[in-house]
Amino acid sequence: EVPPERWNIDDFYDPRPATIGKASTKWGAFIDDFDKFDAEFFGISDAEANTIDPQQRIVLETTWKALESAYIIPKTLEGSDTGVFIGASSSDYETSIYEENDLIGAFHGTSTYLSLIANRLSYCLNLKGPSMSVDTACSSSLVATHLASQSLNSRECDLAIAGGVNMILRPEQTITLSHAGLMSDRCRTFEASADGYVRAEGCGVFILKRLQDAIDCGDPILAVIRGSATNQDGRSNGITAPNGVAQKALLRKALAHAGVSADEVDVIEVHGIGTRVGDPIEVSALKAVFCSGRDPLNKLALSSVKANMGHAEAASGMAGMIKCILAFNHGVMLPH
């Protein structure tokens, strides 16, 4: 259930759908101790740290862990052309900050802007490469990874930090998603009873290099991104509804960019948001691209991490990629 430090669920919950001012769910996936932060470690004063969006703080912490995992000493990156690409959409903290005008101070602008989620990281680590926060809603962290890959391939940078973050600090977005009929008590991806999703918090970060550079440096290589692609749905039957034709075009573009045939793909980590509209359209697009003329003995597995941990929205792509990489490295298909 929603922890009391986020909001008082009794004030904002009503199981009846579309009740004015109320959310139809009281569930979510939440990070413990999200307000804990070692400001001194990152060279930030207590006065400024007290105003900084937790999303900025969590990205700093998670990136440090990712660099350690990659055997990179952060100090060695100072002054380098390392790029930073972070997917983020939530502005809950900014809304809270500006509710009380008499508490607004000099640090509040840089502490709450989405652009600073990426740029604070570049500033703290003294990185000189491209630095951008990417907001394309639920695809934000995957688009950030796509842009990071492009930046590496064009030699705009030699190392890229790509990730996504999502924090749920206020009830308003959950209320509006409830009124849109998107909220449920859990994600039932692929079930006939699927009726929405559960919101989740999270942060994930990848350290990316061109493959040959990683090999030359003896880096621990967990996976290779063979290709990626982006597009937009254009007009569908609603601005939040997917477009099957556009999805098929995107899948074919990604396969072509990767130089991979549909028959070579064994496992697909899908979006799988768990809605009556979205899931059937997505599966139909996947079936058209990957199963047309496919040998019946050449099985194709679909799964979505959202059925395990909920939908982390702007960070959800990181959850899916981490799941895929764990599966590759352990030689197992993780249960849906």
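Which parts of the structure should I look at to understand the overall build of the chain?
Counting its secondary structure elements, the chain contains 13 helices and six strands. Scaling as 2.2 N^0.38, a compact globule of 336 residues should have a C-alpha radius of gyration of about 20 Å, and the chain matches this with 21 Å. Across the 336 residues in the chain, those meeting the buried criterion constitute 45%. Look at the contacts in the chain between residues 6 or more apart in sequence, and 73% of them connect residues 24 or more apart.

What should I look at first to understand helix H11 (residues 278-290) in this one?
Residue pairs three or four apart in sequence face the same way in an α-helix, which turns once every 3.6 residues. An ideal rise of 1.5 Å per residue puts 18 Å on 13 residues; H11 measures up with 18 Å between its terminal C-alpha atoms. Here H11 has its buried residues at Gly278, Asp279, Glu282, Ala285, Leu286, Val289 and Phe290. On an axial view of H11, the arc spanned by its buried residues comes to 135°, and they lie on one face. Those residues of H11 hidden inside the fold are in contact with helix H10 (244-258), strand S5 (267-269) and strand S6 (301-303).

What's the story with the side chain of Thr112 in this structure? I'm lost.
As for its position among the elements, Thr112 is in helix H5 (residues 108-112). If we ignore the near neighbours within four places in the chain, the residues touching Thr112 are Thr51, Asp53, Gln56, Tyr93, Glu94, Ile97 and Tyr98.

What's the story with the pattern of salt bridges in this structure? I'm lost.
Side chains that carry opposite charge are capable of pairing whenever their charged atoms lie near each other. Going through the model one piece at a time under the given rule, you end up with 17 salt bridges. Arg16 is the salt-bridge partner of Asp14, the closest N and O atoms lying 2.7 Å from each other. On the basis of relative accessible area, Asp14 is assigned to the buried category, the value being 11%.

Hey, could you run me through a nonpolar patch on the surface in this one?
A cluster of nonpolar residues, Leu211, Ile215, Ile221 and Val224, forms a patch on the protein surface that exposes about 330 Å² of accessible area. Within the fold, Ile221 resides in the loop between helix H9 (211-217) and H10. In this structure Ile221 comes out as partly exposed when scored by relative accessible area, which is 38%.

Sorry if this is basic, but what is going on with H10 here?
With 15 residues, H10 ought to run about 21 Å at 1.5 Å a step, and its terminal C-alpha atoms sit 21 Å apart, in line with that. Within H10, the full set of buried residues consists of Ala246, Gln247 and Leu255. The secondary structure elements touched by the buried residues of H10 are H11. Where H10 begins, one side-chain oxygen reaches toward the backbone nitrogen of Val245, 3.0 Å away; that side chain belongs to Asn243.

Could you clarify how one ought to interpret the environment of Tyr98 in this entry?
Considering the arrangement of structural elements, one finds Tyr98 in the loop between helix H4 (92-97) and H5. Between the C-alpha atoms of Tyr98 and Thr112, which are 14 residues apart in sequence, the distance is 9.8 Å. When near neighbours in sequence (up to four residues on either side) are disregarded, Tyr98 contacts Ile104, His108, Gly109 and Thr112.

Before we go on, may I ask you to explain the sheet that holds strand S4 (residues 202-208) in this structure?
To summarise the sheet geometry, strands pair through backbone hydrogen bonds and adopt either a parallel or an antiparallel arrangement. Taken together, four strands build an open sheet; the order of strands is S2-S1-S3-S4 and the sheet is mixed. Either end of the sheet is taken by a strand with one partner, and the two such strands are strand S2 (131-134) and S4. The mean angle between the axes of side-by-side strands here comes to 15°, regardless of whether they run parallel or antiparallel. Strands strand S3 (160-166) and S4 of the sheet are contacted by helix H13 (residues 316-330), whose axis makes an angle of about 60° with S4.

Is there a simple way to think about the packing of aromatic side chains in this case?
Working definition: an aromatic ring pair is given by the centre-to-centre distance plus the angle between the planes. Counted by the stated rule, this structure contains four aromatic pairs. Judged by centre distance (5.6 Å) and plane angle (5°), the ring pair of Phe37 and Phe42 falls under stacked. On the basis of an interplanar angle of 80° and a centroid distance of 5.0 Å, the ring pair of Phe41 and Phe42 is categorised as edge-to-face. Among the aromatic side chains, those forming a connected cluster through ring pairs are Phe37, Phe41, Phe42 and Trp64.

Definitions and cut-offs
- Residues numbered from 1 in each chain as written.
- Predicted model: local features only at pLDDT ≥ 70, side-chain atom pairs only at ≥ 80, totals over all residues.
- Heavy atoms only, no water.
- Helix = DSSP H or I, 4+ residues; strand = E, 2+ residues; numbered from the N terminus.
- Rg over C-alpha atoms; globule rule 2.2 N^0.38 Å.
- Buried < 20%, exposed > 50% of the residue type's maximum accessible area, 1.4 Å probe, protein only.
- Contact = heavy atoms within 4.5 Å.
- Expected span 1.5 Å × (residues − 1).
- Arc of directions from axis to C-beta.
- Salt bridge = Lys/Arg side-chain N within 4 Å of Asp/Glu carboxyl O.
- Patch = residues over 30% accessible without salt bridge, like charges linked within 9 Å, V, L, I, M, F, W, Y side chains within 5 Å.
- Areas by Shrake-Rupley, 256 points an atom, 1.4 Å probe, with all protein chains shown as cover.
- Polar contact = N/O pair within 3.5 Å; in protein donor to acceptor, adjacent residues only side chain to side chain.
- Pairing = 2+ DSSP bridges.
- Axes fitted to C-alpha atoms, helices over the stretch in contact; angles between N-to-C directions.
- Phe/Tyr/Trp six-rings, centres within 6.5 Å; stacked < 30°, edge-to-face > 60°.

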